[in-house]
Amino acid sequence: MRRLLKAILATTKDQNFMHMIENVEVLVSKVLSLLMVVVILVAIGDLGFFLYKELFTIPYGKFNTTLYKIFGLFLNILIALEILENITGYLRKHVIQVELVIVTSLIAVARKIIILDLEKVPGIDIIGLGIAILALSISYLIIRFSTSK
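Residues numbered from 1 in each chain as written. Predicted model: local features only at pLDDT ≥ 70, side-chain atom pairs only at ≥ 80, totals over all residues. Heavy atoms only, no water.

### Remarks on the overall build of the protein chain
In terms of regular secondary structure, the protein chain is built from 4 helices and 0 strands. When its helices and strands are written in sequence order, the protein chain yields α-α-α-α. When burial is assessed residue by residue, the protein chain has 19% of its 149 residues classed as buried. Sequence separation of at least 24 residues holds for 66% of the intrachain contacts in the protein chain that already meet a minimum separation of 6. Carbon and sulfur atoms make up 71% of the accessible area of the protein chain, which totals about 11300 Å². (Helix = DSSP H or I, 4+ residues; strand = E, 2+ residues; numbered from the N terminus. Buried < 20%, exposed > 50% of the residue type's maximum accessible area, 1.4 Å probe, protein only. Contact = heavy atoms within 4.5 Å. Areas by Shrake-Rupley, 256 points an atom, 1.4 Å probe, with all protein chains shown as cover.)

In structure tokens, the structure reads:
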């Protein structure tokens, strides 16, 4: 009887501890989502300021040179939105959604490739990015096919 009582008390303590940990996880996730919203708003402001400056201060014909920077800023915002989606998805389901993480990673690698200056980057880095894209794509296909069945 004594053992049973100790086991019940230990289980109750463990459940209380796990409940406290879950509350901390939810609180941290909420703080992270609010901070990510701030980051997204600041990034949009930065993009707007950069666009205004580039459209109205550079001489005609030089816009193409800054186009890659603009694409990079747009993709930064898209990556931040995907991270926010990861956080809010965790808040909804209390599970990290691996498919969203892989998609976010693919966008980040695609951003890196889009803004890459091929003249300044060694070939091994390009090969590494290609391998990363291949691995992420295969991972995405595996996750996609396993969840569709």
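### Describing a nonpolar patch on the surface
Nonpolar side chains collect at one region of the surface, where Phe17, Met18, Met20, Val24, Val28 and Leu32 lie side by side and expose about 550 Å² of accessible area between them. Within the secondary structure, valine 24 is located in helix α1 (residues 2–57). Among the residues examined, valine 24 registers a relative accessible area of 44% and is labelled partly exposed. (Patch = residues over 30% accessible without salt bridge, like charges linked within 9 Å, V, L, I, M, F, W, Y side chains within 5 Å. Salt bridge = Lys/Arg side-chain N within 4 Å of Asp/Glu carboxyl O.)

### Remarks on the pattern of salt bridges
The full count for this structure, using the stated rule, is 2 salt bridges. A salt bridge links glutamate 85 to arginine 92, with the shortest nitrogen-to-oxygen separation between them at 3.7 Å. Exposure remark for glutamate 85: the relative accessible area of 32% places this residue in the partly exposed category. Relative accessible area serves as the criterion here: at 60%, arginine 92 is assigned to the exposed category. A salt bridge links arginine 144 to glutamate 99; the shortest N-O distance between them is 2.8 Å. Taken together, the residues span a long stretch of sequence, with arginine 144 in helix α4 (residues 123–148) and glutamate 99 in helix α3 (residues 98–114) at a distance of 45 residues. Since its relative accessible area comes to 43%, arginine 144 is described here as partly exposed. A relative accessible area of 23% means that glutamate 99 is categorised as partly exposed.

### Overview of the environment of isoleucine 96
In this structure, isoleucine 96 sits in the loop between α2 (63–93) and α3. Looking at isoleucine 96, the relative accessible area reads 59%, which means it is exposed. Expressed as a C-alpha distance, the spacing of isoleucine 96 and asparagine 86, which sit 10 residues apart in the sequence, is 7.2 Å. Excluding residues within four positions of it along the chain, isoleucine 96 makes contact with Tyr90 and Val101.

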